Amino acid sequence: MATKAKDQKPAKLHVKTGDTVTVIAGDEKGKTGTIKSVNRSTQRVIVEGLNLVTKHNKPSAKNPQGGITKIEAGIHVSNVKRLESTNA
């Protein structure tokens, strides 16, 4: 049986926020983008403009109309390859 992500220590990953990466597997294969955020415990990255999913929003005080929005979903770190680093 696999262990849960919260029981494990955060992994050391080959990418970090700001790196330019290309997707090597999945629906977005071959596309490139910049990493917006990294979740080390689940080993997922959010790449700017890639892996968009539809989110349905209920009407609220802030947004009385509600509606449908597109947001970026996470991609597993094994499915991305670093092209450029942001080393200064």
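Relevant structure appears above.
If you're wondering where the values come from, they're calculated on a predicted model, not measured in any experiment.

**Here's the deal with the sheet that holds strand S2 (residues 32–39)**
Pairing is antiparallel across the open sheet formed by five strands, whose spatial order is S6-S3-S2-S1-S7. Each edge of the open sheet is held by one strand with a lone partner, namely strand S6 (75–76) and strand S7 (80–84). The pairing of strand S1 (residues 20–23) with S7 spans four bridges and is antiparallel. In the sheet register, Val23 faces S7, and the bridge partner there is Val80.

**Some words on the nonpolar core**
Membership of the largest hydrophobic core is limited to twelve residues, which are Ala11, Leu13, Val15, Val21, Val23, Ile35, Val45, Val47, Leu50, Ile75, Val77 and Val80. When contributions to this core are tallied by element, the ones reaching two or more residues are S1 and strand S3 (44–47).

**Section: the environment of Thr69**
Along the chain, Thr69 falls in strand S5 (residues 67–72). Sequence separation between Thr69 and Asn57 is twelve residues; the distance between their C-alpha atoms is 7.5 Å. With near-sequence residues (within four places) excluded, Thr69 lies in contact with Val53, Thr54, Lys55 and Asn57. A polar contact of 3.3 Å, which involves the side chain of Thr69, links it to the side chain of Asn57.

Quick notes on the rules
- Residues numbered from 1 in each chain as written.
- Predicted model: local features only at pLDDT ≥ 70, side-chain atom pairs only at ≥ 80, totals over all residues.
- Heavy atoms only, no water.
- Pairing = 2+ DSSP bridges.
- Helix = DSSP H or I, 4+ residues; strand = E, 2+ residues; numbered from the N terminus.
- Core = buried A, V, L, I, M, F, W, Y, C linked by side-chain atoms within 4.5 Å.
- Buried < 20%, exposed > 50% of the residue type's maximum accessible area, 1.4 Å probe, protein only.
- Contact = heavy atoms within 4.5 Å.
- Polar contact = N/O pair within 3.5 Å; in protein donor to acceptor, adjacent residues only side chain to side chain.

Purely spatial values, then, with no claim about function.
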